[in-house]
Amino acid sequence: MTRLAIAINLDRCTGCNTCAMACKMQNNVPMGMAWNRVLNEDCEFEVGVQGTYPHVSRSHLPVACQHCENPACLRVCPTGATYKDDKGRVEIDYEKCIGCRMCMAACPYNARVFNWNEPVRDPDFNYGDKDVPVRGKGVVEKCTLCKERTDRGDEPMCVKCCLAKARIFGDLDDPESEVSRVVRERNATALLPEQGTRPQVRYFN
Amino acid sequence: MQTSTKAKAAMGVLGTLTIAGVAAWIYQLANGLGVTGMSNGTSWGLYITMFMFFVGLSAGGLIVASSASVFHVADYKKVALPAVILSTVCICCAGMFVLIDLGGIQRVWRIITGPNPLSPLFWDICVITLYLAINVVYLAFMTSKKPGAADKVAVVSRFALPVAILVHSVTAWIFGLEMAREGWYSAIMAPLFVVSAMDSGLALLILSLMGLNKSGRFKTDKKLLSNLAGLLAVCIAVDAFLVGCEVLTMAYPGAAGAETLAIMATGATAPFFWFEIVIGLLIPFCILVFTKNRARMGLVAAASVCVVAGVFFKRVWLLLTSFVELNVAGAPGVSLGTTAAQQGGAGMWALAGSYAPTWVEIVVAIGVVSLGALAFVMLAQKLLPGGAPKREAVNVAAGEAA
């Protein structure tokens, strides 16, 4: 089996948002939504800090689909449009999505976005990878772990573009892979472990 | 003659509202769900609220009608026919609201060709279809003049009662099984939905029977209405008890549940919560608990309107409260994906879920309710024994609007 995964080193993350932009470009994500977001934790402002001056700190948390081993979204999808593929990625078959948004209610990470309108792009053309399917209005979409790139043997675009080299991509089922080693040796944790979703995206310091 | 003109005018108004609703729905189909107030933060809104509400309203009728046969309550048999008509109309409205809420209704056949048996929405579609079928079969046997039809009614009612309980439970599980949402994920959801369904459904049945009485189409004696009002008082008490159990369980540990409770009690959904507690539970119970009051039809009607409105408000806070807080918080929050968000800039993001219905959603919802009221009037005209024209549509619509 293969369980493709990303481990993110939060000490290396500078919150530059390059991964979010790279994702948007690669995956043709329309205006008004993001598959990948960088959250400034415990802050109400994107440029804010935690604590009061001079005792302040900042920590960034990049969040996209966690590609869970036990995906809550997959259980509730009435048509099987959301599925776990043979590489361990959680994917969406847009042809099967009826836009009921059960998955959006079920996802604890708010990783999913919906095409409420006909997608708008600025500039007005499909700027994504030529192999990435173009989604219409009325379907749910989210991070695919760059299905098209990883199928070709490339890294996801967020991993490739990370300036700080904070992201490690690999197979959790291969004990020799760097991502497995990091998860093992650096005590990489999952987001919201109490939800029992067992994410394949991990975070470490 | 005067009544007839009034009835015709009422039908005309309902017809116009229905057409307006259809037009708004077509507008929504053409432009996408972006014409609603929903967003990636609060991904369900008025349509799903109305869906829950109408599944509930359809309960009273079928439960009263089938208890008549199952538990041999002779009195209830007299109102079984209008009760099942009401139940059928309400479940059709509920189904319509689910379909209207879909973003890709043109692909809805995928549920039949490739269903996921683990999805509560798939269970719900199965159970609602079964429930509708049982209602129709029930109606057919009750209006049949063939010998032996009465025995068949008795057989159908034995299936109808458990399916009625199941349809509310499964609707509850759409929410109650979502671990990600604090406030929904609770074993009490199914019993709470069953009892809310019973009190709102019973209240609507009482209002409809009073409407039919007024129209002269179908007579229900006061004694039976008082009796139903007594049953309603019991259901309100059980409902209040279950809400109390849930609120205490949320509050006691002072943890995540207490934060959600704070949104309900003092935050964004507080008006809806307190309206339900005071006007939906407290006041009608205090009215109906006294035998003397149950004999006064004006008070029974007022209490019934309070209960129907209260349960509607309960659906609102139940749905929306759990969308307010994000599990993974931090600026800038979620990307909303709405029409405004498509313009880019800071308006694309939100730190918490918020929602208000747009005119499109309101017109569509009024349209569906009007269609339901029209259908009830027409079915009552066709299936009920009796003669004169009717006016209950006005009362039904008034009950909804409240």
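Residues numbered from 1 in each chain as written. Chains lettered and ligands numbered in written order. Predicted model: local features only at pLDDT ≥ 70, side-chain atom pairs only at ≥ 80, totals over all residues.

Tallying secondary structure elements over chain A gives six helices and 11 strands in all. Whereas a compact globule of 205 residues would reach a radius of gyration of roughly 17 Å, chain A reaches 17 Å, a difference of no more than 12%. With respect to the three principal axes, the spread of C-alpha positions in chain A is 50 × 40 × 30 Å. For chain A, buried positions account for 48% of its 205 residues. (Helix = DSSP H or I, 4+ residues; strand = E, 2+ residues; numbered from the N terminus. Rg over C-alpha atoms; globule rule 2.2 N^0.38 Å. Buried ≥ 20, exposed ≤ 12 C-beta atoms within 10 Å, placed from the backbone.)

Before going further, it helps to spend a moment on helix α9 (residues 222-251) of chain B. Residues and elements named next belong to chain B. The end-to-end C-alpha distance of α9 is 43 Å, a good match for the 44 Å that 30 residues give at a rise of 1.5 Å each. Listed as buried for α9 are L225, L228, A229, L231, L232, A233, C235, I236, D239, V243, E246 and M250. Close packing links the buried residues of α9 with α8 (189-215), α10 (256-265), α11 (270-288), α12 (291-294) and α13 (297-324). (Expected span 1.5 Å × (residues − 1). Contact = placed C-beta atoms within 7 Å.)

Residue and element names in this part refer to chain A. Read from one edge of the open sheet, three strands run β10-β1-β11, paired in mixed fashion. Each end of this open sheet is capped by a strand with a single partner; those strands are β10 (167-171) and β11 (201-204). Along the sheet, successive strands turn relative to each other by an average axial angle of 20°, direction set aside. As paired strands, strand β1 (residues 4-9) and β10 are joined by five bridges and run antiparallel to one another. Residue pairing in the sheet places A5 in a bridge with G170 of β10. Of the strands in this sheet, β1, β10 and β11 touch helix α6 (residues 178-185), which is tilted by about 110° from β10. (Pairing = 2+ DSSP bridges. Axes fitted to C-alpha atoms, helices over the stretch in contact; angles between N-to-C directions.)

On the side of chain A, 49 residues touch chain B, which itself brings 44 residues to the contact. Listing elements by their share of the side of chain B that touches chain A, those giving two or more residues are α5 (110-113), α6 (120-143) and β1 (334-335) of chain B. By residue class, the composition of the side of chain B that touches chain A is 22 nonpolar, 18 polar and four charged. (Nonpolar A, V, L, I, M, F, W, Y, C, P; charged D, E, K, R; others polar.)

Take the packing of helix α7 (residues 149-176) of chain B against α8(B) next. Residue and element names in this part refer to chain B. Relative to each other, α7 and α8 sit at 130°, their axes nearing to 8 Å. One finds that α7 runs oblique with respect to α8. Two packed elements cross with a definite hand, and for α7 against α8 that hand is right-handed. Of the residues in α8, those touching α7 at I165, H168, S169, T171, A172, W173, F175 and G176 are M189, A190, L192, F193, V194 and A197. Counted by class, the contact of α7 with α8 contains 10 nonpolar, four polar and no charged residues. (Parallel < 35°, antiparallel > 145°, perpendicular 65-115°, else oblique. Left-handed = near helix turned anticlockwise from the far one by under 90°.)

Once that is clear, we can look at the environment of R184(A). Its place among the elements puts R184(A) in helix α6. Through-space distance from the C-alpha of R184(A) to that of F169(A) is 14 Å; in sequence the pair is 15 residues apart.

The next subject is the nonpolar core. Ranked by size, the top nonpolar core spans 194 residues in total, and within it F51(B), F54(B), V84(B), F97(B), L202(B), I206(B) and L232(B) carry the most contacts. Every residue in contact with F54(B), bar those within four places of it in the chain, is listed here: C90(B), C93(B), A94(B) and F97(B). (Core = buried A, V, L, I, M, F, W, Y, C linked by C-beta atoms within 7 Å.)

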